[in-house]
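What follows is the residue order along each chain.
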Amino acid sequence: MNDLKHLVKAELAEPAQPLVSAFASAIAAKYGDASRAVLFYGSCLRTTELEGQMLDFYLIVSSYEAAYGKSWLVRANKLLPPNVFPAEHDGLVAKVAVLSVDDFYKLNREGASAVSVWARFAQPSRLVWCADEQAQQTIIDAIEGAPVTLLNGALAHIDAASQPVSLTQLWEKGFALTYGAELRAERKERSQSVVDFAPERYEQFGEAVIGRTAIKAKIRDGKVHIAPGQRPQIAAEKGRWPRLRRNGKLLTLARLAKASGTYAGGIDYLAWKINRHAGTDYVIKPWQRKWPILGALVMLPRLVAGGAIK
């Protein structure tokens, strides 16, 4: 059986495109000694398409005070992590989410109040810049919790006790749950397409995760079987999800409001992402750019009613 920590370390170390690595170095340089690591993830990692796309980075810092000094951004990042900023480098554009080392570790585990971090880092990512070996190990330790958290949630929602499922089905259920716990502009088949992009990767990670989850399960004949006597653990895990769904959708709105002070053009990015994933053609009006919070509040109910986001 594959060791999960080894799999995480090997995946993070896989090379990224030179333009991505150069972008990551520029991001780290902006925050100086506070920078501990830069991670690259998301659709651009999967497709390798960079031109005309919005790249996704996470910048992990030693502390918010070290990153921002005495700025109000320290409190904003602590109260509602992460802070998200736009970035440009060598003709490419990106959004950069900032988390402290401590928050990154906590938000990849079951105790997290929302799914946003561990849902992303249960998927492939690359460590495209790192301060030193200690920082590298810190990132590995943090990300190791993400797939365990995701598959534990999936096990609670698949009746593998009476009808065993494949690892692929388990991953797909896990991602579907996380998409349902945020305001997401994703098509119904999104969770399947994420797994289909790297099925062997998810098989390997799944084999390494099963047995480490709070809900105990085993793999026999290529199927996941939940061990007897797991009803209390399943009930406890299911009980978390109404809160996760409620928190996730509220946090999406709160982060949008916060982004009006940290992310120039944030409402345009929101519309671009919704149109890209949901196949809509929503156009932002000039007044919505002038008052982005009000503009987003007007936009979101219409998109929810139309099924563009859920």
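Above this text sits the structure in question.
Remember, it's a predicted structure, so these values are computed and weren't measured experimentally.

Caption draft 1: Summary view of the pattern of salt bridges. The tally for this structure, following the rule as stated, stands at 10 salt bridges. Between Arg-201 and Glu-11 there is a salt bridge, with the nearest N and O atoms lying 2.8 Å from each other. Here Arg-201, found in helix 12 (residues 199-209), pairs with Glu-11, found in helix 1 (residues 4-13); they are 190 residues apart in sequence, far enough to count as distant. Between Lys-78 and Glu-65 there is a salt bridge, with the nearest N and O atoms lying 2.5 Å from each other.

Caption draft 2: Here's a closer look at the sheet that holds strand 3 (residues 83-89). Spatial ordering of the open sheet is given by 3-4-2-1-5, a layout of 5 strands whose pairing is mixed. This sheet does not close on itself; its edge strands, each paired only once, are strand 3 and strand 5 (125-130). When strand polarity is set aside, the average angle formed by the axes of neighbouring strands in this sheet is 30 degrees. Helix 2 (residues 18-30) rests against strand 1 (35-41), strand 2 (54-61), strand 3, strand 4 (92-100) and strand 5 of the sheet, and its axis sits at about 40 degrees to strand 2.

Caption draft 3: Representation of the environment of Ile-27 in the model. Mapped onto the elements of the fold, Ile-27 is located in helix 2. Sequence spacing of Ile-27 and Trp-129 is 102 residues, and the spatial spacing of their C-alpha atoms is 9.2 Å. If we skip the residues at most four places from it in the chain, Ile-27 touches Val-38, Phe-57, Leu-59 and Val-96.

Caption draft 4: Spotlight on empty space enclosed by the protein. Applying the stated criterion across every chain, the model contains 2 cavities of 30 Å³ or more. If you add up the space inside the second largest cavity, you get close to 40 Å³. Residue lining of the second largest cavity: Val-8, Glu-11, Leu-12, Phe-121, Gln-123, Ser-125, Ile-143, Pro-147, Arg-201 and Phe-205, and that is the complete set. For the lining of the second largest cavity, the elements supplying multiple residues, two or more each, are helix 1 and helix 12. Its residues placed into classes, the lining of the second largest cavity shows 6 nonpolar, 2 polar and 2 charged.

Caption draft 5: Summary view of the packing of aromatic side chains. Scanning the model with the defined rule gives 13 aromatic pairs in all. Measuring from centroid to centroid gives 5.8 Å for Phe-175 and Tyr-202, while their planes differ by 85 degrees, and the two rings are edge-to-face. Of the two residues, Phe-175 is situated in helix 10 (residues 167-180) and Tyr-202 in helix 12; the sequence distance between them amounts to 27 residues. Residue Phe-175 is classed as buried on the basis of its relative accessible area, which comes to 0%. Over the aromatic face of Tyr-202 sits the side chain of Arg-201, whose NZ or CZ is 4.7 Å from the ring centroid.

Caption draft 6: Here's a closer look at the side chain of Thr-178. Locating Thr-178 in the fold gives a position in helix 10. By relative accessible area, Thr-178 is classed as buried at 1%. When residues no more than four places from it in sequence are discounted, the contact partners of Thr-178 are Val-115, Trp-118, Ala-119, Leu-150 and Trp-241.

Caption draft 7: Spatial organisation of the packing of helix 1 against helix 8 (residues 133-143). One way to put it is that helix 1 packs onto helix 8 with a least axis distance of 9 Å and a crossing angle of 120 degrees. Taken as axis vectors, helix 1 and helix 8 run oblique relative to one another. For the crossing formed where helix 1 meets helix 8, the hand is right-handed. Here Lys-5, Val-8, Lys-9 and Leu-12 of helix 1 come into contact with helix 8, specifically with Gln-136, Gln-137, Ile-139, Ile-140, Asp-141 and Ile-143. The class makeup of the residues in the contact of helix 1 with helix 8 is 5 nonpolar, 2 polar and 3 charged.

Caption draft 8: Focus on unusual backbone geometry. The linkage connecting Pro-81 with the following residue, Pro-82, adopts the cis geometry, with an omega of 0 degrees. Along the chain, Pro-82 turns up in the loop between helix 5 (73-79) and strand 3. Phi is positive for Asp-221, close to 55 degrees, though the residue is something other than glycine. Within the secondary structure, Asp-221 sits in the loop between strand 6 (217-220) and strand 7 (223-226).

Caption draft 9: Broad picture of the pairing of strand 6. Sheet topology places strand 6 next to strand 7; 4 bridges connect them, and they run antiparallel. When the sheet's bridge partners are listed, Ala-217 is paired in strand 7 with Ile-226. Counting the residues that bridge the hairpin from strand 6 to strand 7 gives 2 residues, and of these Asp-221 lies at a positive phi of roughly 55 degrees.

Caption draft 10: Structural context of the side chain of Ser-166. If you trace the backbone, Ser-166 turns up in the loop between helix 9 (145-157) and helix 10. According to the relative accessible area criterion, Ser-166 is buried, its value standing at 16%. In contact with Ser-166, other than residues within four places in its own chain, are Gly-222, Lys-223 and Val-224.

Caption draft 11: Here's a closer look at helix 8. If you check which residues of helix 8 are buried, you get Ala-135, Ile-139, Ile-140, Ala-142 and Ile-143. Take helix 8 and look down its axis: the buried residues cluster within an arc of 165 degrees, on one side only. Residues of helix 8 that are exposed and point over 90 degrees away from its buried face: Glu-133 and Gln-134. One side-chain oxygen of the residue at the start of helix 8 lies 3.2 Å from the amide nitrogen of Gln-134, identifying that residue as Asp-132.

Thresholds applied
- Position numbers for residues start from 1 in each chain and track the written sequence from start to end.
- Since the coordinates come from a predicted model, pLDDT governs what is reported: local features require at least 70, and pairs of side-chain atoms require 80 or more to be given and counted, while whole-chain, interface and lining totals use all residues.
- Neither water nor hydrogens contribute to the side-chain values; these are computed over all heavy atoms in the structure.
- Basic side-chain nitrogens of Lys or Arg form a salt bridge, by our definition, when they fall within 4 Å of a carboxyl oxygen of Asp or Glu.
- A helix here means a DSSP run of H or I that spans at least four residues, while a strand means a run of E at least two residues long, and both kinds are numbered starting from the N terminus.
- A pair of strands is labelled paired if DSSP reports no fewer than 2 bridges between them.
- Helix axes are fitted to C-alpha atoms over the stretch in contact, other axes to C-alpha atoms as well, and angles between N-to-C directions run from 0 to 180 degrees.
- The contact rule is simple, with two residues in contact once any of their heavy atoms fall within 4.5 Å.
- Two kinds of site are reported from a 1 Å grid over the protein atoms alone, namely cavities, where a 1.4 Å probe fits but cannot get out, and pockets, open sets with protein on both sides within 12 Å along at least five of seven lines, and residues are called lining when an atom falls within 4 Å of a point.
- Grid points are joined across faces, edges and corners, and a volume is the space filled by probe spheres set on the points.
- Three classes are used, and their members are as follows: Ala, Val, Leu, Ile, Met, Phe, Trp, Tyr, Cys and Pro are nonpolar, Asp, Glu, Lys and Arg are charged, and the others, Gly among them, are polar.
- Two rings belonging to Phe, Tyr or Trp (six-membered ring only in the last case) form a pair when the distance between their centres is within 6.5 Å. Interplanar angles under 30 degrees mark stacking, angles over 60 mark edge-to-face geometry, and anything in between is tilted.
- Only protein chains enter the accessibility calculation, which uses a 1.4 Å probe; a residue whose area is less than 20% of its type maximum is buried, one above 50% is exposed, and one in between is partly exposed.
- Here, a charge over a ring is recorded when the distance from Lys NZ or Arg CZ to the ring centre is within 6 Å and its angle to the ring normal is within 35 degrees.
- Should an angle fall under 35 degrees it is taken as roughly parallel, and over 145 as roughly antiparallel, whereas 65 to 115 is taken as roughly perpendicular and any remaining angle as oblique.
- Should the near helix be turned anticlockwise from the far one by less than a right angle, the crossing is left-handed, and should it be turned clockwise, the crossing is right-handed.
- The arc under discussion is defined with respect to the helix axis, by the directions toward the C-beta atoms.
- N or O atoms within 3.5 Å of each other form a polar contact, as long as, within protein, one can give a hydrogen and the other can take it, and as long as residues adjacent in sequence are counted only when both atoms are side-chain atoms.

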